[in-house]
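Here's the letter readout for the chains.
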Amino acid sequence: MTKSDDQRLLYDLRAGRPDACGELVRKHYEAVYRFMVHLTRDVHRAEDLTQETFAAAWENIAAFQGRSALATWLHRIAYTKFIDAQRLEQRTIGLHERLAGSPVAGVDPITIVLADDEARHLNRILHDLDVPERTLLVLHYLQGLSYRDMADVLGEPVGTVKWRTAEALKSLRALLGDEVPDHAS
Amino acid sequence: MHPDLSPDALEGRLRSLPPPPMPDGLKARLLAHVPATAPASRRRWPVWTGLAVAVATACLLAVLAWPRHHRPTLVPPAPETIHEGSSQAYPDVARLPAFSWPLEESSPVRVSTALPADLFD
């Protein structure tokens, strides 16, 4: 979506054009959902968080200044929703662990649908990274955000984001180097 | 053959990872919760009005409190009130510095200033 499309849509949203909100959903819901899937590794949670993201967007659209792109703004809301959900989950999981004994391991929903072994392996390793590193690599390489946009999403300086992304890539390389796929051995 | 793990190759592989599939019905569910129109922008005019009033008040106070320019006075200041018996009523003449008239004073007038006699005719 070009900058002028963004500006036009933002203008329509502020002017109260009837289908402007629908247009925002149609243009951006896939990117938001995919971002949530990569962060949560759970399709159901990703759906819920995507809905929460757009609900928050309607509440805050009037305050949006338009200094960043709409996609960047939505990614920022989505990331905030994810962090909030993760904090809540950590408190809840801790309680369940104490009650049940052990957490239930989940299946990565993305890996099972990837036909290519190498892509599947890369995806699995990506999702084995810790959340901060995974977030950086997903935002930059999978979601296509620039370092400046990532800085807006994460609330960090551009230089810090750039350096941390490079470090995350090194971590991914190290994990890939430790694990060689069965077909390549 | 081991996959290329160079940074450039790895970046390329990340970028070419296929996106996760979209669940059925997600778009419809999201559109179902879309408001008919975007919420109206929060009214900011009270804030701006208050700000304008505050600035105007500050400017007015600044003008009123601005010190007047001290213009040079053409009239010598009024003499101090002299109280009878005050020791400062008259300066001690003996302590005044000596003042001597100029010894030579040439008149700037070069022509006679005598009045002609026929003037009074």
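Residues numbered from 1 in each chain as written. Chains lettered and ligands numbered in written order. Predicted model: local features only at pLDDT ≥ 70, side-chain atom pairs only at ≥ 80, totals over all residues. Heavy atoms only, no water.

Colleague: Quick question: what am I supposed to make of the interface of chain A and chain B here?
Modeller: Interfaces are often sized by the amount of accessible area the parts lose when they come together. Contact residues are listed per partner, giving 41 residues for chain A and 34 residues for chain B. A buried area of about 3,400 Å², summed over both sides, lies between chain A and chain B, and 73% of it is on carbon and sulfur atoms. Linking chain A to chain B there are two salt bridges. Across the salt bridge formed by A:Glu118 and B:Arg13, the nearest N and O atoms sit 3.6 Å from each other. Here chain A is connected to chain B by three residue pairs in polar contact (both at pLDDT 80 or more). Put simply, the parts of the chain that give the side of chain A that touches chain B at least two residues each are helix H2 (20-40), helix H3 (43-60), helix H5 (117-128), helix H6 (131-142) and helix H8 (158-178) of chain A. Considering each element in turn, the side of chain A that touches chain B owes the most residues, 10 residues, to H2(A). The residue inventory of the side of chain A that touches chain B, partitioned by class, reads 25 nonpolar, nine polar and seven charged. (Contact = heavy atoms within 4.5 Å. Buried area = accessible area lost by both parts, 1.4 Å probe. Salt bridge = Lys/Arg side-chain N within 4 Å of Asp/Glu carboxyl O. Polar contact = N/O pair within 3.5 Å; in protein donor to acceptor, adjacent residues only side chain to side chain. Helix = DSSP H or I, 4+ residues; strand = E, 2+ residues; numbered from the N terminus. Nonpolar A, V, L, I, M, F, W, Y, C, P; charged D, E, K, R; others polar.)

Colleague: Would you mind going over the pattern of salt bridges with me for this structure?
Modeller: A side chain with one charge may pair with a side chain of the opposite charge, provided their charged atoms come close. All names here are of chain A. Under the criterion given, the structure shown has 13 salt bridges over all chains. Where Arg26 meets Asp19, a salt bridge forms, and the shortest distance between an N and an O atom there is 2.5 Å. The salt bridge involving Glu89 is made with Arg45; its shortest N-O contact spans 2.9 Å. In this pair, Glu89 is assigned in helix H4 (residues 70-100) and Arg45 in helix H3, connecting sequence segments 44 residues apart. On the basis of relative accessible area, Glu89 is assigned to the partly exposed category, the value being 27%. Taken together, the shared-partner salt bridges connect Arg8, Asp12, Arg17, Glu23 and Lys27 into one network. (Buried < 20%, exposed > 50% of the residue type's maximum accessible area, 1.4 Å probe, protein only.)

Colleague: Looking at this model, I keep getting lost on a nonpolar patch on the surface. Mind explaining?
Modeller: All names here are of chain B. Together, Trp48, Leu51 and Val55 make up an exposed nonpolar region whose accessible area comes to about 330 Å². Turning to its location among the elements, Val55 is positioned in helix H3 (residues 45-65). Looking at Val55, the relative accessible area reads 46%, which means it is partly exposed. (Patch = residues over 30% accessible without salt bridge, like charges linked within 9 Å, V, L, I, M, F, W, Y side chains within 5 Å. Areas by Shrake-Rupley, 256 points an atom, 1.4 Å probe, with all protein chains shown as cover.)

Colleague: What is the right way to read helix H7 (residues 147-154) of chain A from this model?
Modeller: Counting along an α-helix, one turn takes 3.6 residues, and residues three or four places apart therefore face a common direction. All names here are of chain A. By the burial criterion, the buried members of H7 are Met150, Ala151, Val153 and Leu154. Angularly, the buried residues of H7 cover 160° about the axis, an arc narrow enough to put them on a single face. Phi for Gly155, located one or two positions after H7, is positive at around 70°. (Arc of directions from axis to C-beta.)

Colleague: Even after reading the chapter, I still don't get the packing of H7(A) against H8(A), so can you show me in this structure?
Modeller: To describe two helices that pack against each other, one gives the angle between their axes and the distance between the axes. All names here are of chain A. Their axes nearest at 8 Å, the elements H7 and H8 cross at an angle of 105°. Here H7 lies roughly perpendicular to H8, going by the angle between them. Within the contact between the two elements, H7 uses Tyr147, Arg148, Met150, Ala151 and Leu154 and H8 uses Val158, Val161, Lys162 and Thr165. When the residues that make up the contact of H7 with H8 are grouped by side-chain class, the tally is six nonpolar, one polar and two charged. (Axes fitted to C-alpha atoms, helices over the stretch in contact; angles between N-to-C directions. Parallel < 35°, antiparallel > 145°, perpendicular 65-115°, else oblique.)

Colleague: Mind showing me how you'd approach unusual backbone geometry here?
Modeller: With glycine set apart, most residues show a phi of negative sign, and most peptide bonds adopt trans. Residue A:Arg41 is not a glycine yet carries a positive backbone phi of 60°. Residue placement: A:Arg41 occurs in the loop between H2 and H3.

Colleague: Looking at this structure, how should I read the packing of aromatic side chains?
Modeller: The description of two aromatic rings rests on the distance between their centres and on the angle between their planes. Residues and elements named next belong to chain A. Applying the stated rule across the entire model yields two aromatic pairs over all chains. A ring pair is formed by Phe54 and Trp58, whose centres lie 6.1 Å apart and whose planes are at 40°; its orientation type is tilted. In this pair, Phe54 and Trp58 are both assigned in helix H3, four residues apart and thus about one turn of the helix distant. In this pair, the class of Phe54 matches that of Trp58, namely buried. For the ring pair Phe64 and Trp73, a centre distance of 4.6 Å and an interplane angle of 25° mean the geometry is stacked. Comparing Phe64 with Trp73 shows no difference in burial state: the two are buried. (Phe/Tyr/Trp six-rings, centres within 6.5 Å; stacked < 30°, edge-to-face > 60°.)

Colleague: I'm lost on the environment of A:Gly144 in this one. Help?
Modeller: Mapped onto the elements of the fold, A:Gly144 is located in the loop between H6 and H7. As a C-alpha pair, A:Gly144 and A:Ala31 span 113 residues in sequence and 9.9 Å in three-dimensional space.

Colleague: I tried to follow the environment of A:Thr40 on my own but got confused; where do I start?
Modeller: Residues and elements named next belong to chain A. Take Thr40: it is sitting in helix H2. Thr40 sits 42 residues away from Phe82 along the chain, and the two C-alpha atoms are 7.7 Å apart. Excluding its chain neighbours within four sequence positions, the residues that come into contact with Thr40 are Arg45, Ala46, Leu49 and Phe82. Polar contacts involving the side chain of Thr40 include one to the main-chain carbonyl oxygen of Met36, which spans 2.7 Å. Among the polar contacts made by the side chain of Thr40, one reaches the main-chain carbonyl oxygen of Asp42 at a distance of 3.2 Å.

All quantities given are derived from atomic positions and should not be read as evidence of function.
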